[in-house]
Amino acid sequence: MEPVRVTVGSVEELRARGFLTGKAGAHPVCVFWHDGGAYALDDRCPHMGFPLHRGTVEAGLVTCHWHNARFDLCSGGTLDPFADDVRPYPVEVIDGQVVVVAAIESFDAEHHRRRLVDGLEQGLTLVVAKAVLALLDGDPSVGPHDVVRVGLDFGTTYRADGWGAGLTVLVAMANVLPHLEAADRPLALVHGLAFVSRDTRGRPPRFPLTPLGSQVPPQRWAVWYRRFIETRSSDAAERTLVSAVDAAADAGAGLEDVEAMMTAAATDHVFLDGGHTLDFTNKAFEAVGLLGVDTAPQVLPTLVRGTARATRAEEGGSWRHPVDLVALIDSALGRLPRLLGEGAALVGSWNDPSGLAWAMLGEEPGAIVDAICSAVAGGATPEQLGRAVAYAAALRITRFHIQNDHGDWDVVHHGFTAANAVHQLLVRAPNPELLRAVFHGAMRVYQDRFLNVPTARPPQARAGVTLAELSACWDEQGRVDDAGTIAYSWLHGGGDPGPLVAVLGRALLAEDAGFHWYQTYEAAVRQFHAWPLGSEEGRLILVGCARFLAAHTPTRRELAQVVRTATRLRRGEALFEET
Ligand code: FES
């Protein structure tokens, strides 16, 4: 297409004033006179849109007066990476008139990917947000997964400690994208990426180990891996893992054996790192599922160091006294092969995960373990067992009384998100060893029983509630029970759950959320969808989510403001205006 030519004034005027302004299509442009020549730039500072013609030109540099970003007058390249390069335009002088030549700007995905990495490196959320918006808007061939991939590459490379909260948030947000309003999806990705950036800043990078390159019998990998994790030998465990992943790829096999090996090692001890180890393991496999099996050699080894170093809950007093919960679990696990044998003939005849969940809220740990054993012997599937634990853990949040210490929200959150991870793992890759995590999760729910004493009043359905009422709950502190009641009433009255889930997501993304909030929201969305539509279980799970969010809002809401700024800049709106 022919470039547009725009006359912005005469050379005489330009010399006299030092600059001229005009419009090239929708874009404001500015032409400066400097050192005897004319130079045109987009008139909006790429940082936050200040009119550059109101800046200063000196020694070949344009300085924006809002935050003092400096630009090379010829190329538009910035000397201050928090800003970005400003678009230059060719200028021609024709018959004493100054003419700006504006060609249609082509979409340059590589440029935006580079800017995204710049933003991640330097912790510049505005740069990250602008790059995400540009990538998602620019070309239908570039989608959210491409953005997640950039974050994943960055997060797995630049954190010696490996998989952490940042990548977990990024994958959680990628998982919930279909449940959010379209307008909130870029914001969700920016939240995840901002977390990745924060999680890597000032930390050493990771130096991956290479596969052994020898023919080891495949059954050895799991034996070695579990032994090395047991003895906290993370380098040996990592070399084993990369070799196992490599061997699986060579054999054209899937990752099922690798996943079973890793989840076995992550459940050889009780509730590693407060449940985070299993949660991170699940998220890493979800990332591989989302982005492709070719990411496995890059992603999975990042779990090793954390798994080897994780605290083992059985070393803590609360799992040993006054009741030795670990011994109780071990005794049940001794019976498990027989129970599984009994249950195998009855699969399909057991269908009471809800009843099992309520049994898990009981006061007697022995009775809880027995209830799980009975369910196994009665034919409960791994998925049903995982769903029961996750529901019991969700009910701890739904029934959490606000007279508890505020920090105790994190306690019930840990039980819930770990149980959600166990459920997801059992859905994707069930194996008998992973069933140990069901017992671990149930005992964790048992330990949190005092956080439901007294129990929060069960929500009572009200007629005529609106989601606008729910949104108002985030603006005032302490509207925990109101939020729960509105969410419950909405669903009880037959309201569409989709908009409710989206409104809860918007509440999360509007705030400067903490790590646990993303986990809670994502787990609630996943668990809600694990139950039949219209079920009481689904309702109570979302009630818990609404209560959790209301307990933590409002915050300063800075991140959402940054993304709003980036969106307005992209639309070409004037951010700087004199009143
Ligand atoms: S430096 Fe130009 S708007 Fe901030």
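Residues numbered from 1 in each chain as written. Predicted model: local features only at pLDDT ≥ 70, side-chain atom pairs only at ≥ 80, totals over all residues.

> Honestly, the packing of helix α17 (residues 408–428) against helix α22 (residues 515–530) in this entry has me stumped. Any pointers?
The relative placement of two packed helices is expressed as an angle between their axes plus a distance between the axes. Running from N to C, α17 and α22 point in directions that differ by 50 degrees, and their axes come no closer than 9 Å. Classified by the angle between their axes, α17 and α22 sit oblique to one another. α22 is crossed by α17, and the crossing has left-handed handedness. Touching D410, H413, F416, T417, N420, H423 and Q424 of α17 are H516, Q519, T520, A523, R526, Q527 and A530, all from α22. Its residues placed into classes, the contact of α17 with α22 shows three nonpolar, nine polar and two charged. (Axes fitted to C-alpha atoms, helices over the stretch in contact; angles between N-to-C directions. Helix = DSSP H or I, 4+ residues; strand = E, 2+ residues; numbered from the N terminus. Parallel < 35°, antiparallel > 145°, perpendicular 65-115°, else oblique. Left-handed = near helix turned anticlockwise from the far one by under 90°. Contact = placed C-beta atoms within 7 Å. Nonpolar A, V, L, I, M, F, W, Y, C, P; charged D, E, K, R; others polar.)

> Just checking my understanding: could you explain unusual backbone geometry for this structure?
As a rule of thumb, non-glycine residues mostly have phi less than zero, and peptide bonds are mostly trans rather than cis. Residue P322 is bonded to the preceding H321 through a cis peptide linkage, with omega at 0 degrees. With respect to the element layout, P322 can be found in the loop between α12 (304–309) and α13 (325–344). T553 connects to P554 through a cis peptide bond whose omega is 0 degrees. Of note, P554 is situated in the loop between α23 (536–552) and α24 (558–571). For D35, which is not glycine, the phi torsion reads 50 degrees and is therefore positive.

> Can you help me understand the sheet that holds strand β5 (residues 56–58) in this one?
Strand order in this open sheet of three strands is β5-β6-β7, and the pairing throughout is antiparallel. Edge positions in the sheet fall to β5 and β7 (70–72), since each of these pairs with one other strand and no more. The sheet shows a mean angle of 25 degrees between the axes of neighbouring strands, direction not considered. The pairing of strand β6 (residues 61–63) with β7 spans three bridges and is classified as antiparallel. By the bridge assignment, V62 is partnered in β7 with F71. (Pairing = 2+ DSSP bridges.)

> Help me understand the domain arrangement of the protein chain in this model?
Many descriptions give the size of an interface as the accessible area lost when the pieces come together. One can read the domain layout of the protein chain as domain 1 (4–102), domain 2 (109–200), domain 3 (219–313), domain 4 (316–361 + 386–452) and domain 5 (467–560). Relative placement of domain 1 and domain 5: their C-alpha centres are 47 Å apart. (Domains from an automatic or database assignment.)

> In this structure, what is going on with the pairing of strand β10 (residues 97–102)? I would like to understand it.
Regular strands place their side chains on alternate faces of the sheet. Burial of β10 is one-sided: the residues V98, V100 and A102 facing one way are buried, the residues Q97, V99 and V101 facing the other way are not. Pairing geometry for strand β1 (residues 4–10) and β10, over six bridges, is antiparallel. Residue pairing in the sheet places R5 in a bridge with V101 of β10. As paired elements, strand β9 (residues 91–94) and β10 share four bridges and run antiparallel to each other. Along β10, the bridge assignment pairs V91 with V100. (Buried ≥ 20, exposed ≤ 12 C-beta atoms within 10 Å, placed from the backbone.)

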